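What the coordinates show
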Amino acid sequence: MRMRYDPDDEDGFEVGRDLLVDRLERWAARCGQPRGQVDAFAVAAALDYRHLGTPDGRLGLWEPRHVEECLLDWAPRTVTVLPDEELPDAPGALRLLLRFLHAAHLADPRGPGLDTQLAAVDEAARTYREAMADRSRFGPAKFWLTLAAEHGSDMTSQEDLDRFVERVHAGAGEIDHDEAALAVIVRRHLIEGPADARRSEPQLPVALPSEQELRADAERITLLTQLQLLSEWAGRQGRPLTTTGRLKTADARELADRLATGDAPTEAVRSLDDLPRLNLVFELARQARLVRVVKGRLYAVAKAAPELKDPLALWRRAFDAVFGLRRPLLGAKSGWHVESLLFDTYEDTLADILNTLYSLPHPMPWPRLRDSVDYGHRVRLQLDDQAPAMWFDHAHRDLRRLLDVLDQLGAIERTRGRPAPEYLEVPASSDLPALPPGMPAALAALLPEQPPAPAFDTSELGGDSVELISLSPLATWAVRARLLDEGRDAPLVGELRHAPAAGLLGVLADHYDTDSARSELTAWTQAHAGPDSALAQLVDAVRDMPFRGRAQAMLDTLLVALPEPEGERLVRSLRGDPRLAPYAIGVLVQRDLLDPDDLTDAESLVMVAEGMLQLLEITGPDGLAENALTREPDLRDAIEAALAAPHPDRAALAELEEAAARLPRTGRACGERRRGGSGSGTGHGGKKRGRGR
């Protein structure tokens, strides 16, 4: 049981989602809310949103912005309510889900508390019905599905849907619909993409220097000193500029000397184009709002005074200002700079470069970075293989200019050497999905097409003197803040120091590599009264986890994250624990720390039982029956052995026995029963609603 799945692991997510919904219904029943009163579809739709509709995909983390977007954007865009159906109680379902996540120790400790989350639901619920009725909020699939149903089309009939599409294409008022709403939908779809295509690549955890160390790094950057001196020079009295808003030549010469920009000697200066570094400082100061132009004069901005005295705050202000430097970096209005692909998508390209370099374990070679940027140009501008090579040549030149600026700002570090082996592998290319899940193929022609993705070239990555590029600690700190603002997951070693034990182990199991998990666990242990007290809390967290697969994953995380051989010693000590023994034995066998032949007969039976219980947990009784189609009689033999095992969880064995009693006796009988089923495929008592994207 995981709380984040890869976006292309749809089968794994659906299994995990259905397990969560099933356990939620059981929990709600124990709390006095019978299964029939739980809108399982609406709960599943909320989990779909967090998996598909957000950059990070963390099912257990719900900030107020997620609550609002789920109820007022995702549901109106994707949940199709046909004319004869009731509006799902999405706010009530989300409240129930949030309570369950906290009760089951599945809530991400990096998110807000339950009270804050529930207050956000109450706020969004006020306008939920209105949002669901607003057709301009629909997704394209939902818009046409709803319209088809309203015009009498049978949603289960391919012929009916084909006829509806023909009537739409016929025009002349054949199908009356809201053109203004459709225009908004199409524009949003083209700009933002499908609602279920927002996932971003996960980021590895990063370790950052202290704020004091970051501030010291900023103090050593010459460009910041130049920004301070320029602001002082402008002052409150201001300095006159040319009619075009540029520095006067005499002032520029004075400033170039005063700021020690390293431009051409002042006596050789004939125009400001001879002082590119000074111009960069000038434009960066303007973009950072350190100086401003009023009625032809350049003034220092009084409100920026505190940042000018704080090197770290000034560095962050200058770094953010780079995103607005498109025009200054573009160069003169004449020449090929105007045609550069880089500046057609400048802000997005810069963000992609920084996000790509962020948290990489090895510096990126220039050829791979360049090719990644080229790929971004092709996708954003929908360029095919016939695009002139000159376009990309000029984009590469301007990319170099941009990297030079980042270098001067201390945002990147450049070295030379042999690229890491990972960069020598050719990444697989894939086509972007043209048809959103849940939309009938007959309506696919009503959606805009997406371009295919090209492959990369690795021919320039050989040798020992390839240019390698990485982010500096300062840029890592700033990019992480930007990622968090965008709703992306950007783990920071040390941020879980005060998390509850279950939350800590859950996040480490789902999001952390081994080295980062070890650092995080060390910091957590130091904050929890030392190793003995911390270890007891961590083991209790595994013991209290109600999901078998997740409990074993948490114990496995403890084994690898604790210092060697402490982790192995701990797990071995639990081999005789009356509750945790099945997990401990499973972890030791999986890690090849225990040979299955060395298990006692009783332990071997416990392992068989635990395997069956985890299979039942993942698939449910219906999934167990599906497995019987291909694995009987082996599956039945394993179940009989499991029921006879001395497994400590007798309640779970009783559930297994109940599920086994429902299994058909032969493959033929199972096949007959399956053919006679409802075929709804919902996994929630046959409940099913139309869904669109």
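Described below are features of the structure shown in this document. None of the values given here were measured: they were computed from a predicted structure.

1. Considering the overall build of the chain
Across its full length, the chain holds 30 helices and six strands. Burial statistics for the chain: of 693 residues in total, 49% are counted as buried. At a minimum sequence separation of 6, the contacts of the chain that also span at least 24 residues come to 72%. If you sum the accessible surface of the chain, you get close to 32800 Å²; carbon and sulfur atoms cover 49% of it.

2. Let's talk about the environment of glycine 152
Among the structural elements, glycine 152 can be located in the loop between α7 (140–150) and α8 (158–170). Once the C-alpha coordinates of glycine 152 and phenylalanine 164 are considered, the two residues, 12 residues apart in sequence, prove to be 9.3 Å apart.

3. A look at a negative patch on the surface
Together, Asp592, Asp595, Asp597 and Asp598 make up a region of like negative charge exposed at the surface. Residue placement: aspartate 595 occurs in the loop between α26 (581–590) and α27 (601–631). With relative accessibility at 39%, the residue aspartate 595 sits in the partly exposed group.

4. So, the pairing of strand β2 (residues 291–294)
Here β2 runs beside strand β3 (residues 297–300); their pairing, made up of four bridges, is antiparallel. Note that in β3 the partner of arginine 292 across the bridge is tyrosine 299. Turn length for the β2-β3 hairpin, with the two strands adjacent in sequence and antiparallel, is two residues, and the turn residue lysine 295 shows positive phi of about 50 degrees.

5. Some remarks on the sheet that holds strand β1 (residues 239–240)
In spatial order, the strands read β1-β3-β2; together these three strands make up an open sheet with antiparallel pairing. Looking at strand neighbours, the two that pair on one side only are β1 and β2, the edges of this open sheet. In this sheet, β3 lies alongside β1 in antiparallel orientation, the contact comprising two bridges. The residue of β3 that forms the bridge with proline 240 is arginine 297.

6. Here we look at the sheet that holds strand β6 (residues 466–471)
On the basis of which strands lie adjacent, the open sheet formed by three strands has the order β4-β6-β5 and antiparallel pairing. On the outer flanks of this sheet lie β4 (364–365) and β5 (412–417), each paired with one strand and no other. Strand direction decides the pairing type here: β5 and β6, joined by six bridges, are antiparallel. From the neighbouring strand, glutamate 413 faces β6, where its bridge partner is serine 470. The strands that helix α17 (residues 346–357) touches are β4, β5 and β6; relative to β6, the one it contacts most, it runs at about 90 degrees.

7. Concerning helix α23 (residues 530–544)
For an α-helix the count is 3.6 residues per turn, leaving residues at separations of three or four pointing the same way. When the terminal C-alpha atoms of α23 are compared, their 21 Å separation across 15 residues agrees well with the 21 Å that a helix rising 1.5 Å per residue should span. Regarding α23, the residues found buried are Gly530, Ala534, Leu535, Leu538, Val539, Ala541 and Val542. Taken end-on, α23 shows its buried residues confined to a sector of 165 degrees, consistent with a single buried face. Structurally, α23 contributes buried residues whose contacts are with α21 (501–511), α22 (514–526), α24 (548–561), α25 (566–573) and α26.

8. Overview of the packing of α22 against α24
The contact between α22 and α24 brings their axes to 9 Å, and the two run at 85 degrees. Looking at the two axes, α22 sits roughly perpendicular to α24. Contacts between α22 and α24 involve Thr514, Ala517, Arg518 and Leu521 from the first element and Leu558, Val560 and Ala561 from the second. Taken together, the residues of the contact of α22 with α24 break down into five nonpolar, one polar and one charged.

9. Comments concerning the pattern of salt bridges
For the structure on display, the rule yields 43 salt bridges. Its salt-bridge partner being glutamate 460, residue arginine 370 comes within 2.6 Å of it at the nearest N-O pair. Taken together, the positions of arginine 370 in helix α18 (residues 366–381) and glutamate 460 in the loop between β5 and β6 put the pair 90 residues apart, joining distant regions of the chain. Overall, the relative accessible area of 11% leaves arginine 370 in the buried class. Glutamate 460 gets classed as partly exposed once you look at its relative accessible area, which sits at 41%. One salt bridge connects aspartate 398 with arginine 397, and the closest N-O pair in it is separated by 3.2 Å. Residue classification places aspartate 398 among the buried positions, given a relative accessible area of 1%.

What counts, and where the lines are drawn
Residues numbered from 1 in each chain as written. Predicted model: local features only at pLDDT ≥ 70, side-chain atom pairs only at ≥ 80, totals over all residues. Heavy atoms only, no water. Helix = DSSP H or I, 4+ residues; strand = E, 2+ residues; numbered from the N terminus. Buried < 20%, exposed > 50% of the residue type's maximum accessible area, 1.4 Å probe, protein only. Contact = heavy atoms within 4.5 Å. Areas by Shrake-Rupley, 256 points an atom, 1.4 Å probe, with all protein chains shown as cover. Patch = residues over 30% accessible without salt bridge, like charges linked within 9 Å, V, L, I, M, F, W, Y side chains within 5 Å. Salt bridge = Lys/Arg side-chain N within 4 Å of Asp/Glu carboxyl O. Lys, Arg positive; Asp, Glu negative; His and termini not counted. Charge placed at Lys NZ, Arg CZ, Asp CG, Glu CD. Pairing = 2+ DSSP bridges. Axes fitted to C-alpha atoms, helices over the stretch in contact; angles between N-to-C directions. Expected span 1.5 Å × (residues − 1). Arc of directions from axis to C-beta. Parallel < 35°, antiparallel > 145°, perpendicular 65-115°, else oblique. Nonpolar A, V, L, I, M, F, W, Y, C, P; charged D, E, K, R; others polar.

Without other data, these values stay purely geometric and don't point to any function.
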